[in-house]
Amino acid sequence: MTDRQLRIVVVGDTLLDVDVSGTSDRLSPDAPVPVVDVRSDQRRAGGAGLVATMLAKDGHDVTLVTVLGDDRPADQLRTLLPGVRIVDGPSGAPTPVKTRVRVGEHALVRIDEGCDTPPVPAVTPAMREALDGADAVIVADYGRGLAAAEDMRVALAAAVATTPVVWDPHPKGAAPVPGTTVATPNASEAHRFTGLSGSGVAFATDAAADLVARWDVQAVAVTMGDRGALVGRCTERGADSRFVPAPSVTAGDPCGAGDRLAAGVAVALAGGAEIADAVTAGVADASAYLAAGGVASLVDGAPPAPIAVPGADRDALRVVHEVRASGGVVVATGGCFDLLHAGHARTLSAARALGDCLVVCLNSDDSVRGLKGPDRPIMGQDDRVELLLALDCVDAVVVFDESTPDEALRRFRPDVWAKGGDYTADELPESATLAEWGGRVVTVPFHPGRSTTRLAAAIERVG
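For the structure given in this document, a descriptive report is provided here. Quick caveat: nothing in here was measured; it's all calculated off a predicted structure. (Residues numbered from 1 in each chain as written. Predicted model: local features only at pLDDT ≥ 70, side-chain atom pairs only at ≥ 80, totals over all residues. Heavy atoms only, no water.)

**Comments concerning the pairing of strand β1 (residues 7-12)**
So the rule is basically this: The rule is simple: take the accessible area with a 1.4 Å probe, protein chains only, and divide by the maximum for that residue type; under 20% is buried, over 50% is exposed, in between is partly exposed. Think of it this way: any DSSP run of H or I at least four residues long counts as a helix, any run of E at least two long counts as a strand, and we number them from the N terminus. In this scheme, strands are said to pair when DSSP sees at least two bridges between them.
Across the six residues that make up β1, a large majority, six, are buried. Alternating positions in β1 separate into two faces, Arg7, Val9 and Val11 on one and Ile8, Val10 and Gly12 on the other, with burial throughout. Here β1 pairs with strand β4 (residues 61-68) via five bridges, running parallel. Note that in β4 the partner of Val9 across the bridge is Thr63. Note that β1 and strand β8 (residues 136-140) share five bridges and pair parallel. From the neighbouring strand, Ile8 faces β8, where its bridge partner is Ala136.

**Brief notes about unusual backbone geometry**
Only a minority of non-glycine residues have a phi that is not negative, and only a minority of peptide bonds are not trans. The backbone of Asp216 sits at a positive phi, close to 60°, despite the residue not being glycine. One can find Asp216 in the loop between α6 (200-215) and β11 (219-223). Not every positive phi belongs to a glycine, and Arg413 is a case in point at roughly 45°. Mapping Arg413 onto the fold places it in the loop between α13 (406-412) and β17 (416-420). Residue Arg413 is classed as partly exposed on the basis of its relative accessible area of 44%.

**Digging into empty space enclosed by the protein**
If a probe the size of a water molecule is rolled over the atoms, the empty space left behind becomes visible. For clarity, the cut-off: The pocket and cavity definitions rest on a 1 Å grid over protein atoms only: a 1.4 Å probe that fits but cannot leave marks a cavity, an open set with protein on both sides within 12 Å along at least five of seven lines marks a pocket, and residues lining either have an atom within 4 Å of a point. Grid points are joined across faces, edges and corners, and a volume is the space filled by probe spheres set on the points. Side-chain classes follow a simple rule in which Ala, Val, Leu, Ile, Met, Phe, Trp, Tyr, Cys and Pro form the nonpolar group, Asp, Glu, Lys and Arg form the charged group, and the remainder, Gly included, forms the polar group.
In this structure the tally under the stated criterion is one cavity of 30 Å³ or more. Quantified by volume, the largest cavity comes out at close to 110 Å³. Contributing to the lining of the largest cavity are 14 residues, with Thr14, Val67, Ser91, Pro96 and Arg144 lying nearest its centre. When the residues that make up the lining of the largest cavity are grouped by side-chain class, the tally is eight nonpolar, four polar and two charged.

**Quick look at helix α11 (residues 365-372)**
Heads up, the rule is: Throughout, the arc means that of the directions going from the helix axis to the C-beta atoms. Any two residues having at least one pair of non-hydrogen atoms within 4.5 Å are treated as being in contact.
Taken together, the buried positions of α11 are occupied by Asp365, Ser367 and Val368. Down the axis of α11, the sector holding all buried residues measures 160°, keeping them to one side. Pointing more than 90 degrees away from the buried face of α11 are the exposed residues Asp366 and Gly370. On its buried side, α11 packs onto β15 (357-363), α12 (381-389) and β16 (396-400). Of the residues flanking the end of α11, it is Gly373, one or two places downstream, whose phi is positive at about 110°.

**Here we look at the pairing of β4**
For clarity, the threshold we go by: Orient the strands so they point away from the viewer, and a crossover whose first-strand-to-second-strand path over the helix runs clockwise is right-handed.
Burial within β4 is extensive, with seven of its eight residues counted as buried. Chirality of the crossover, the property in question, places the unit of β4, helix α2 (residues 72-79) and strand β5 (residues 84-90) among those that are right-handed.

**Let's talk about the sheet that holds β17**
To keep it simple, the criterion reads: Only the stretch in contact is used when a helix axis is fitted, and all axes are lines through C-alpha atoms; the angle between N-to-C directions ranges over 0 to 180 degrees.
The strand order β16-β15-β14-β17-β18 describes an open sheet built from five strands, whose pairing is parallel. The open sheet is flanked by β16 and β18 (440-444), the only strands paired with a single partner. Within this sheet the neighbouring strands show an average axis-to-axis angle of 30°, counted without direction. Bridge count for strand β14 (residues 330-335) against β15 is six bridges, and the pairing is parallel.

**Description of the side chain of Asp365**
Take Asp365: it is sitting in helix α11. Overall, the relative accessible area of 17% leaves Asp365 in the buried class. For Asp365, the contacting residues outside a window of four places in its chain are Pro377, Met379, Gly380, Gln381 and Arg384.

**Digging into the packing of helix α1 (residues 48-57) against helix α7 (residues 257-270)**
The following threshold applies: In what follows, roughly perpendicular refers to angles from 65 to 115 degrees, roughly parallel to angles under 35, roughly antiparallel to angles over 145, and oblique to any angle outside these ranges. Crossings are classed by handedness, with left-handed meaning an anticlockwise turn of the near helix from the far one by less than a right angle and right-handed meaning a clockwise turn.
Viewed as axis vectors pointing N to C, α1 and α7 meet at an angle of 55°, and their least axial separation amounts to 9 Å. Comparing the axis directions of α1 and α7 gives the class oblique. In the crossing of α1 with α7, the sense of the turn from one axis to the other is right-handed. Along its contact with α1, which presents Leu50, Val51, Met54 and Leu55, the element α7 presents Asp259, Arg260, Ala263 and Val267.

Laid out in structure tokens, this is it:
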């Protein structure tokens, strides 16, 4: 994601979303239905308005091109979009309101008002002109006609010649205009658009190729929930497919994840990223959004969802808290892990077997230079974090700048500190630190003949 403020135009249908949350411990005397005692009633802009909200919270210059009814929900939407320039025309229909009623973490019912399919709206000159000079355009089509309006399609077709356009399609909506940079249907939508059967990566690959040709767009990213996305496109060398895995996050309310992904893709494209890299950024943004609580992170006073750093998305303190809450044992180990080799893998696997999660305390680049000299590390800390997290036996990584991990250990207080080596537990310098809270220090099998220094020397000789 670029650091500079971008001018992003969001085109699409805007809804009023209402989240009613409460508790329920009894049934109604009138019918066998639960009675909900309301604790909160939160309102926010939905549809294209949700995309605009996200981008405005990220600090961008956002224009929302939409249509609104002449009613109270429309007035509420205008107050719910501070910092967003709204260029709207008359919808000729009531403003749709979608109310979700939840008890705890469970959805009870959704109530829709004014959600019948309206006539295709008229498009004003101001709505068309709002696209001029944008760094990127996002079409958030919710099937209510704006993306199907001929005048808007003419304006969007002109925009794709000079501006990245991301199109988030809807089964009841219009096809993306030819030349669109990226269309982002989810797997369910891709099934309906193509009529193809199947699932997983194989289906997404076929569906993306089908839709690239059917829609005449530059690329299609079929999103697959917590698995990630499959990007299909045509190049001079032929069809190309790339799978973008999603960082692991705790499952939560998925509302708005697709909007967050489309917003992230558009911002990355506006910053000059290639299509596959832009989708990678969008997937990371959506994962970070879910990890931050989803739409709950967008309420007033909440910080914006953090942008995930590939390979470093797992929060060690969260992992430790969850393991402790279930009565589990937290294990930690540490090192530079400059070039991962079989000795490291065996040591880490043995350490993980001592408990219910393994947190690796990793020396930062500065720490490694202080310990091993100016030519180290061979790999930067971001790459080392990513490689460690790719191992099934590693649950989280904590990077520390000091020469020893003592301060990092004091932050999450593992039950066990494990270290590979040909020495005893009493000889390990971390023993005194673990003793502060009653932790234990153990050694795991050491595998002689395998070291980063020897591996680096061998690589240098071959090179």
